[in-house]
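The residues making up each chain are set out below.
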Amino acid sequence: MADVRVRFAPSPTGHLHLGGARTALFNWLFARREGGSFILRIEDTDLERSERGLENELVEDLAWLGLTWDEGPGRGGPAGPYRQSERAALYRAAAERLLAAGKAYPCFCADGELARKRQERLAAGLAPRYDGACRSLGEAERERARAEGRPESIRFHVGDSRERRLSDIIRGEVSFPAGMVGDFVVLRSNGLPVYNFAAVVDDALMGITHVIRGEEHLSNTLRQLLLYEAMGLPKPLFAHLPLILGADRSKLSKRHGAPNVSDFRERGYPAEAIVNYLAFLGWSPPEGGEILEIEDLIREFTLERVSPSPGVFDEVKLDWVAASHIRRGGAARYFEEALAYVPAEIRDAYPRERLREIFDIAAENLPCFSRLAEETKPFRPGVPEIAGEALEAVRGAGEIFAPAAESLGGALDWSAPAIAAAVKAFGARAGRKGKTLYMPLRAAVTGSLHGPDLARVMEIRGRDDVLSCLRAAARSVSS
Ligand code: GLU
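Given the structure is predicted, the values throughout are model-derived calculations rather than measurements.

Trainee: Describe the packing of aromatic side chains, listing the residues and the values that go with them.
Mentor: Inspection of the entire model under this criterion finds eleven aromatic pairs. Ring geometry for Phe264 and Phe313: centres 6.4 Å apart, planes at 70°, overall edge-to-face. Taken together, the positions of Phe264 in helix H8 (residues 261–266) and Phe313 in the loop between strand E11 (311–312) and helix H11 (315–339) put the pair 49 residues apart, joining distant regions of the chain. Here Phe264 and Phe313 have matching classes, each one buried. Among the aromatic side chains, those forming a connected cluster through ring pairs are Tyr334, Phe335, Tyr341, Phe359 and Phe369. Across from the ring centre of Phe26, 5.5 Å away, lies the NZ or CZ of Arg22, which sits over that ring. The ring centre of Phe184 lies 5.3 Å from the NZ or CZ of Arg223, which sits over that ring.

Trainee: How would you summarise the site of the ligand if you had to cite specific residues and measurements?
Mentor: Near the ligand you find Arg7, Ala9, Pro10, Ser11, Glu43, Tyr195, Arg213 and His217, and these make up its full shell. Between the ligand and Ser11, the relevant distance is 3.0 Å, taken from a nitrogen atom to a side-chain nitrogen or oxygen of the residue. Between the ligand and Tyr195, the relevant distance is 2.5 Å, taken from an oxygen atom to a side-chain nitrogen or oxygen of the residue. Compared with its free state, where it exposes 300 Å², the ligand has 80% of that area covered by protein. Its residues assigned to classes, the shell around the ligand comprises three nonpolar, two polar and three charged.

Trainee: Can you break down unusual backbone geometry residue by residue, with the values?
Mentor: At the junction of Gly80 and Pro81, the peptide bond is cis and its omega measures out at 0° in the coordinates. Following the sequence through the fold, Pro81 ends up in the loop between helix H2 (52–65) and helix H3 (88–100).

Trainee: With reference to specific residues and values, describe helix H6 (residues 195–205).
Mentor: When you tally the buried positions in H6, you get eight out of eleven residues, the bulk of the element. Burial in H6 covers these residues: Asn196, Phe197, Ala198, Ala199, Val200, Val201, Asp202 and Asp203. Buried positions along H6 lie against strand E1 (5–8), H3, strand E7 (184–187), strand E8 (210–214) and helix H7 (218–231). Gly207 sits one or two residues past H6 and shows a positive phi near 65°.

Trainee: Summarise the packing of helix H13 (residues 352–362) against helix H19 (residues 454–461); cite the residues concerned and give the values.
Mentor: Pairs of packed helices are described in terms of their axes, by the angle between the two and the distance that separates them. Two numbers describe how H13 lies on H19: the axes approach to 11 Å, and their chain directions differ by 160°. Between H13 and H19, the interaxial angle falls into the category roughly antiparallel. Crossing geometry of H13 relative to H19 is assigned as left-handed. Along the contact surface, H13 presents Arg354, Glu357, Ile358 and Ile361, while H19 presents Arg456, Glu459 and Ile460. Its residues placed into classes, the contact of H13 with H19 shows three nonpolar, no polar and four charged.

Trainee: So what's going on with the nonpolar core? Residues and values would help.
Mentor: In terms of nonpolar packing, the biggest core is built from 51 residues, with Leu25 and Leu62 touching the most fellow members. Ranked by residue count, the leading element in this core is helix H1 (residues 18–34), at nine residues. Ignoring any residue separated from it by four or fewer positions in sequence, one finds Leu62 in contact with Phe8, Leu16, Ala24, Leu40, Leu67 and Trp69. Formed by 34 residues, the second largest nonpolar core is a distinct cluster that contains Val174, Val181, Leu222 and Tyr228.

Trainee: I'd like to hear about the packing of H3 against H6, residue by residue, with values.
Mentor: Here H3 crosses H6 at 100°, and the two axes come no closer than 10 Å. Relative to H6, H3 is oriented roughly perpendicular. Contacts between H3 and H6 involve Leu90, Tyr91, Ala94, Ala95 and Leu98 on the former and, on the latter, Phe197, Ala198, Val201, Asp202 and Leu205. Its residues placed into classes, the contact of H3 with H6 shows nine nonpolar, no polar and one charged.

Definitions and limits used
Residues numbered from 1 in each chain as written. Predicted model: local features only at pLDDT ≥ 70, side-chain atom pairs only at ≥ 80, totals over all residues. Heavy atoms only, no water. Phe/Tyr/Trp six-rings, centres within 6.5 Å; stacked < 30°, edge-to-face > 60°. Helix = DSSP H or I, 4+ residues; strand = E, 2+ residues; numbered from the N terminus. Buried < 20%, exposed > 50% of the residue type's maximum accessible area, 1.4 Å probe, protein only. Lys NZ or Arg CZ within 6 Å of the ring centre and 35° of its normal. Near = heavy atom within 4 Å. Polar contact = N/O pair within 3.5 Å; in protein donor to acceptor, adjacent residues only side chain to side chain. Areas by Shrake-Rupley, 256 points an atom, 1.4 Å probe, with all protein chains shown as cover. Nonpolar A, V, L, I, M, F, W, Y, C, P; charged D, E, K, R; others polar. Contact = heavy atoms within 4.5 Å. Axes fitted to C-alpha atoms, helices over the stretch in contact; angles between N-to-C directions. Parallel < 35°, antiparallel > 145°, perpendicular 65-115°, else oblique. Left-handed = near helix turned anticlockwise from the far one by under 90°. Core = buried A, V, L, I, M, F, W, Y, C linked by side-chain atoms within 4.5 Å.

Now the structure itself:
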């Protein structure tokens, strides 16, 4: 096979949506696995919506995911420029060739006229279709239209509209019945190409071997196949990725929470967890397994294992995948990245080594680093605020705090096992064990009834801090 060249071709509309990220990822994985090239092409001919700032946001998200491109904006390459707004002359030249070959014609129909005809067809129960009004204008009529200053676009003459077939790598044989499309504009009167035309011209000039994109583009693919034929260009292979649905089984959109890559980055999800999760939206590895590093994905990824049926975006599953990565990597891998999310009062209260231990405890079940604000609460130094159920637990065990402080004050060393032993011995004397012993102690020290192993928490908090919490609890119930 010729060297694989694939592209991700987003229209810059701001931060990268999860669906776009999945498309980029599958292209990237395929290129990396095949030793090919991954090209970033910015489809910014929709002038009203495209701004450089939006492109920057998108590029930032791709870079954060680690989806580096071999050719594209900021990197250059032999097939540039890589922004469609900088390729107008190429589209013009390609449209001129179609005109010269009699496969396209100038069209002078005004937007209003087209809209009216479209409505008429819809009202008559017909699919909207260009009626061919300008197809057979003579040269004199064209000159007259130009002299009248009518807008002039270039329209592709579909001509032969027999059935077309596509052998899609993911979906198998796809058939497009005869007569599905009418003549369509390729170059607008403002000189800019429509998406289908620009995509074909660019995919051909950039030597793209595989077009991997969302299933929603299938109807465009027919138009693109017709253009390849008319221009005598070799067709790339096509792989249409399945849709991504929300939990309610409708197509994933903003409504389903936070489907932008940048939202997950801000919440402190590790990039490799997002990549891992996205890879499973439509694909699965041959050997099973769910927690995969990027190198594993590159090794195992093939388009043949992409399923045609939709993937469902499930935030609970994403959290599970992310928590698995964080647990596996622990402080050794994630501490530096996570530190910024640890509240300052905790960061400032402990030496680095202790902070790493706190991170490792929190990392037992942590999907994203922004949760550290909550998960590190038991380690907040000083007497906690105690309310609700925690307060009831303290009140129900008023007699234990002063003797508990005394017993822990006398513990020989301040390690978790020694603390656990001291608590147990004290409990035996006080006639308490299990929950009835630990709940009130935990409530007094952390302000909560739940949390990580209490002896570890006490060890990290330090003897002085723990004793002052127990004494404060003793005072609060006696007053
Ligand atoms: N600009 C198109 C999009 O963002 C690209 C589709 C394609 O990959 O051809 O959906």
